[in-house]
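Coordinates in review
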Amino acid sequence: DSGVTQTPKHLITATGQRVTLRCSPRSGDLSVYWYQQSLDQGLQFLIQYYNGEERAKGNILERFSAQQFPDLHSELNLSSLELGDSALYFCASSVAAGLHTDTQYFGPGTRLTVL
Amino acid sequence: DAKTTQPNSMESNEEEPVHLPCNHSTISGTDYIHWYRQLPSQGPEYVIHGLTSNVNNRMASLAIAEDRKSSTLILHRATLRDAAVYYCIPFYNQGGKLIFGQGTELSVKP
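Quick caveat, the model's predicted, so the values are computed rather than measured.

Rules used throughout
- Residues numbered from 1 in each chain as written.
- Chains lettered and ligands numbered in written order.
- Predicted model: local features only at pLDDT ≥ 70, side-chain atom pairs only at ≥ 80, totals over all residues.
- Heavy atoms only, no water.
- Helix = DSSP H or I, 4+ residues; strand = E, 2+ residues; numbered from the N terminus.
- Buried < 20%, exposed > 50% of the residue type's maximum accessible area, 1.4 Å probe, protein only.
- Contact = heavy atoms within 4.5 Å.
- Areas by Shrake-Rupley, 256 points an atom, 1.4 Å probe, with all protein chains shown as cover.
- Pairing = 2+ DSSP bridges.
- Disulfide = S-S within 2.5 Å.
- Buried area = accessible area lost by both parts, 1.4 Å probe.
- Salt bridge = Lys/Arg side-chain N within 4 Å of Asp/Glu carboxyl O.
- Polar contact = N/O pair within 3.5 Å; in protein donor to acceptor, adjacent residues only side chain to side chain.
- Nonpolar A, V, L, I, M, F, W, Y, C, P; charged D, E, K, R; others polar.
- Axes fitted to C-alpha atoms, helices over the stretch in contact; angles between N-to-C directions.

The next subject is the overall build of chain A. Check the secondary structure of chain A and you find zero helices and 11 strands. Along the three orthogonal principal directions, the C-alpha set of chain A runs to about 40 × 30 × 25 Å. Here chain A, with 115 residues, has 53% of them falling under the buried criterion. Put simply, 56% of the contacts in chain A that link residues at least 6 apart link residues at least 24 apart. Accessible surface computed for chain A: about 5500 Å², of which carbon and sulfur atoms make up 48%.

Okay, here's the thing in structure tokens:
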């Protein structure tokens, strides 16, 4: 158990819909990262928040957005869903802002299926 | 971004040592080498990291070549639980994002 929690574990929805994935970081961690894992693209970094502020952005679609709240939990919002958005979405957390020596702790993931 | 090259798959026998290689010839001088692994149906898990010298922890050892163009993750006694995809990741000086490659899928035979 990494100490990072993600809800829900599974999500099945239809194309065109909007969903929200939630992540609670480990106690004391200030950074939250979101990653997407699909069969054809592998594990890809989406976005990072540090203490409420966006810190780094990867190949995140404009239909996707995220935020980190004052209690440090984070939400990833996916809208206008397409079949290709079906994937595992992982959240990770780390103590600091992403230093070379930071360790990222990953949650168990949310499996999104778009029908 | 530095590119990494890892074997697609490797096989080991239980309780034998395993050496997982990684080439990262374009790494910059300040990039640490991080290794993560992903067990089946789980999120990635940190294994070890280092900069220039060899590193040991309870999970594994990391041997970094003197020119830093390659490294080797060493599992001293493989167990069935070590069956996973192992990722070698140069950690860039651009925030905290991890760039995952294809990794090496390690299978462990009893």
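There's plenty left to go through after this.
So, about the sheet that holds strand β2 (residues 18–23) of chain B. The strands making up a sheet associate through backbone hydrogen bonding, with each pair oriented either parallel or antiparallel. Residue and element names in this part refer to chain B. The strand order β2-β7-β6-β5 describes an open sheet built from four strands, whose pairing is antiparallel. Only two strands of the sheet have a single neighbouring strand rather than two, namely β2 and β5 (55–56). As defined by bridge partners, β2 adjoins strand β7 (residues 70–75) across six bridges and the pair is classed as antiparallel. Bridge pairing in β7 places His-19 opposite Ile-74.

Okay, the pairing of strand β4 (residues 31–38) of chain A next. All names here are of chain A. Within β4, eight of the eight residues are buried, which leaves it mostly tucked inside the rest of the structure. Residues Ser-31, Tyr-33, Tyr-35 and Gln-37 line one face of β4 and the alternating positions Val-32, Trp-34, Gln-36 and Ser-38 line the opposite face, and both faces are buried. In this structure, β4 lies alongside strand β5 (residues 42–50), joined through eight bridges in antiparallel fashion. Bridge pairing in β5 links Trp-34 to Ile-47. Joining the antiparallel neighbours β4 and β5 is a turn of three residues. In terms of strand pairing, β4 meets strand β9 (residues 87–94) through seven bridges, oriented antiparallel. Each residue of the ladder has a partner; that of Tyr-33, found in β9, is Ala-92.

Let us look at the state of the cysteines. All names here are of chain B. Counted according to the given criterion, the structure contains two disulfides over all chains. There is a disulfide in this structure between Cys-22 and Cys-88, and the S-S distance comes to 2.1 Å. Linking Cys-22 and Cys-88, the disulfide has an S-S dihedral of approximately -75° and is accordingly described as left-handed. Residue Cys-22 is found in strand β2, and its partner Cys-88 is found in strand β8 (residues 84–91); the two are separated by 66 residues along the sequence.

The next subject is the interface of chain B and chain A. With 20 residues of chain B in contact, the opposing surface of chain A contributes 17 residues. Buried surface at the junction of chain B and chain A, both sides included, amounts to about 1500 Å², of which 58% is carbon and sulfur. For the chain B face of the interface with chain A, the top three residues by lost area are Pro-44, Lys-97 and Phe-100 of chain B, together amounting to 26%. On inspection of chain B and its partner chain A, the count reaches zero salt bridges. Our count for the chain B to chain A interface comes out at three residue pairs in polar contact (both at pLDDT 80 or more). Those elements that provide at least two residues to the side of chain B that touches chain A are β3 (32–38), β4 (45–50) and β8 of chain B. The element that contributes the greatest number of residues to the side of chain B that touches chain A is β3 of chain B, accounting for four residues. Across the side of chain B that touches chain A, the residue classes tally to nine nonpolar, nine polar and two charged.

Residue and element names in this part refer to chain A. You can see Tyr-33 is positioned in strand β4. Take Tyr-33: its relative accessible area is 0%, and that puts it in the buried class. Between the C-alpha atoms of Tyr-33 and Ala-92, which are 59 residues apart in sequence, the distance is 5.0 Å. For Tyr-33, the side chain forms a polar contact with the side chain of Ser-94, separated by 2.8 Å.

Residues and elements named next belong to chain A. Spatially, four strands are ordered β1-β3-β8-β7 in an open sheet, and the strand pairing comes out antiparallel. Two strands in the sheet have a free side with no partner beyond their single neighbour: β1 (5–7) and β7 (64–68). In this sheet, neighbouring strand axes are inclined to one another by 15° on average, regardless of whether the strands run parallel or antiparallel. Where strand β3 (residues 19–24) and strand β8 (residues 74–78) come together, five bridges link them in antiparallel fashion. Within β8, the residue paired with Val-19 across the bridge is Leu-78.

Function cannot be read off these values alone, since they describe shape.
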